[in-house]
Amino acid sequence: LKKVIVLGSTGSIGTSALDIIRGNGDDFQLVGLSANKREKELLAQAEEFSVTSLALTGNQGSCSRITHSGPEALLDLIRDTEAHIVVNGISGAVGLLPSVAALESGKDLALANKETMVMAGPLVNSLAEKMGRKILPVDSEHSAIFHLIEGRNPHNIEEIIITASGGPFRGHTLEQLQKVTAKEAMKHPTWDMGYKISIDSATMANKGLEVIECWRLFDIPLDRIKVLVHPQSLVHSLIRTTDLAMYAHISHPDMRLPIQNALFYPNMKAVPGSFLDLAGREMTFFEPDRENFPMLPLAYRAAESGGAYPIVYNAVNEIAVQAFVDNLIGFAEIPELTESVMNEDWSEEPESFPEVLHIDAQCRKMAEGLIKKRI
Ligand SMILES: NC(=O)c1ccc[n+]([C@@H]2O[C@H](COP(=O)([O-])OP(=O)(O)OC[C@H]3O[C@@H](n4cnc5c(N)ncnc54)[C@H](OP(=O)(O)O)[C@@H]3O)[C@@H](O)[C@H]2O)c1
């Protein structure tokens, strides 16, 4: 039995992870769960799976069954609970330290929280190596790439092509984009996800974050990472080998597959209902619209600039998305704000996790200041 901790268990990734564990009780035992505020849902999950290690980070929790609460709750839960693997399904930069704690305490990491690699890829990679632990990508594109390149000679890989659905506003003009609401931005055409990643898909910041995540997970030069829009979300990514042939990872858009592959690694098993018949299916591919969706080129700029720029890109985007949801700024202002803060000098590479968090806090403050000036 593989013992599993699921962080962010009440969210979209978390509930899909629990679904996998529910269906594979002979393979996995759930031993720890965490949520931010949704205590009732957390307790119901604990009841169903007989889990006793529970962390609630956003408030104290009214029930004595919550074993860990307050700011250190997550890290204590990870350190105190014996497990083989931690699924990190927390959204946002707050997911970084739990990833670190998982690796430091000798657990493998099934990583959905892309912010971990974007903010601190080199530090996280060397920690995993030092601890002899694995990072198993859960983001569907990175899970696809992981399986496409596994066992191949890296010299034979010409390029990686990450696919993007294009989000709910694919094909919109700048004029149309200026009028969109947060409610519209949250409606993803092919995936059912948390609100932050849904809005990031609408701006294409999600693809930007994924480009940086891919660069850091697989150590592939940035100019060999491409993005293609593929509205049907059936091809989750492709690789082109040096003979110029291409290999694609194709499945229904269902996050249970990459989560299950991470949990079962190196084995594989079908997710119920996942058989895909390609007959009669249409698959189309387009270049992304970089002009109207500047969060994508900005991500390349952040990665090319190196230093702390990826941290800035992620942090300012988080603040800007929240401001958009709170109706303080418009959709088109999200990239404007990100670019403004990125125009400062962030060239110094952080050398420790506290330095990463310090830079993250610094640029959040700067972004909040800019938002206050606008309203
Ligand atoms: N959803 C997808 O299909 C998908 C696909 C690929 C990658 N990802 C990545 O996976 C991560 C999670 O995405 P999601 O869509 O599952 O998000 P979500 O549905 O919003 O769920 C987020 C989870 O994290 C918890 N959480 C929120 N803020 C927290 C905080 N400050 N401290 C501790 N826990 C906190 C939430 O608890 P409460 O419920 O109590 O608020 C919830 O359990 C993101 O990094 C996203 O980019 C998601």
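Since the model is a prediction, treat every value here as computed from it, not as a measurement.

What follows deals with the overall build of the protein. On a plain count of helices and strands, the protein comes out with 15 helices and 11 strands. Computed over the C-alpha atoms, the radius of gyration of the protein is 20 Å, within 12% of the 21 Å expected from 2.2 N^0.38 for a compact globule of 375 residues. For the protein, the C-alpha atoms occupy an extent of roughly 50 × 50 × 40 Å along the three principal directions. Expressed as a percentage of its 375 residues, the buried residues of the protein come to 56%. Long-range pairs, those at least 24 residues apart, make up 68% of the contacts in the protein between residues at least 6 apart in sequence. Looking at the protein as shown, the accessible area adds up to about 16,500 Å², and 50% of this sits on carbon and sulfur atoms.

A general feature of soluble globular proteins is that nonpolar side chains tend to end up buried together. Residues Val-6, Leu-33, Leu-263, Tyr-313 and Phe-331 are the most contacted members of the largest nonpolar core, which totals 124 residues. Looking at which element gives the most residues to this core, the answer is helix H13 (residues 309-325), with 11 residues. Every residue in contact with Val-6, bar those within four places of it in the chain, is listed here: Gly-14, Ala-17, Leu-18, Ile-21, Leu-30, Gly-32, Leu-33, Ser-34 and Val-87.

Before going further, it helps to examine the site of the ligand. Around the ligand, the surrounding shell holds 25 residues, and the nearest of these are Thr-10, Asn-36, Lys-37, Arg-38 and Gly-194. Gly-194 places a polar main-chain atom, nitrogen or oxygen, 2.8 Å from an oxygen atom of the ligand. Protein contact buries 87% of the 890 Å² of open area that the ligand shows by itself. Residues of the shell around the ligand, tallied by class, amount to 9 nonpolar, 11 polar and 5 charged.

With 14 residues, helix H10 (residues 205-218) ought to run about 20 Å at 1.5 Å a step, and its terminal C-alpha atoms sit 20 Å apart, in line with that. Counting buried residues along H10, 13 of its 14 residues qualify, which places the element largely inside the surrounding structure.

Looking now at the packing of helix H4 (residues 96-104) against helix H15 (residues 353-374). Put simply, H4 and H15 touch, their axes get as near as 11 Å, and they point 170 degrees apart. Looking at the two axes, H4 sits roughly antiparallel to H15. Across the interface between the two elements, Leu-96, Leu-97 and Val-100 from H4 touch Phe-353, Val-356 and Leu-357 from H15. Counted by class, the contact of H4 with H15 contains 6 nonpolar, no polar and no charged residues.

Pro-266 follows Tyr-265 through a cis peptide bond whose omega is 10 degrees. Structurally, Pro-266 is set in the loop between helix H11 (256-264) and helix H12 (295-305). Residue Ser-50 is not a glycine yet carries a positive backbone phi of 50 degrees. Among the secondary structure elements, Ser-50 is positioned in the loop between helix H2 (39-49) and strand E3 (53-56). A positive phi angle, near 75 degrees, is found at Met-204, a position not held by glycine. Here Met-204 lies in the loop between helix H9 (195-203) and H10.

Two numbers describe how helix H6 (residues 140-149) lies on H10: the axes approach to 10 Å, and their chain directions differ by 30 degrees. Looking at the two axes, H6 sits roughly parallel to H10. Judged by the twist between their axes, the crossing of H6 over H10 is right-handed. On the side of H6, the interface is formed by Glu-141, His-142, Ile-145, Phe-146 and Ile-149, while H10 contributes Lys-207, Glu-210, Glu-213, Cys-214, Leu-217 and Phe-218. Class assignment of the residues belonging to the contact of H6 with H10 gives a composition of 6 nonpolar, 1 polar and 4 charged.

What counts as what
Residues numbered from 1 in each chain as written. Predicted model: local features only at pLDDT ≥ 70, side-chain atom pairs only at ≥ 80, totals over all residues. Heavy atoms only, no water. Helix = DSSP H or I, 4+ residues; strand = E, 2+ residues; numbered from the N terminus. Rg over C-alpha atoms; globule rule 2.2 N^0.38 Å. Buried < 20%, exposed > 50% of the residue type's maximum accessible area, 1.4 Å probe, protein only. Contact = heavy atoms within 4.5 Å. Areas by Shrake-Rupley, 256 points an atom, 1.4 Å probe, with all protein chains shown as cover. Core = buried A, V, L, I, M, F, W, Y, C linked by side-chain atoms within 4.5 Å. Near = heavy atom within 4 Å. Polar contact = N/O pair within 3.5 Å; in protein donor to acceptor, adjacent residues only side chain to side chain. Nonpolar A, V, L, I, M, F, W, Y, C, P; charged D, E, K, R; others polar. Expected span 1.5 Å × (residues − 1). Axes fitted to C-alpha atoms, helices over the stretch in contact; angles between N-to-C directions. Parallel < 35°, antiparallel > 145°, perpendicular 65-115°, else oblique. Left-handed = near helix turned anticlockwise from the far one by under 90°.

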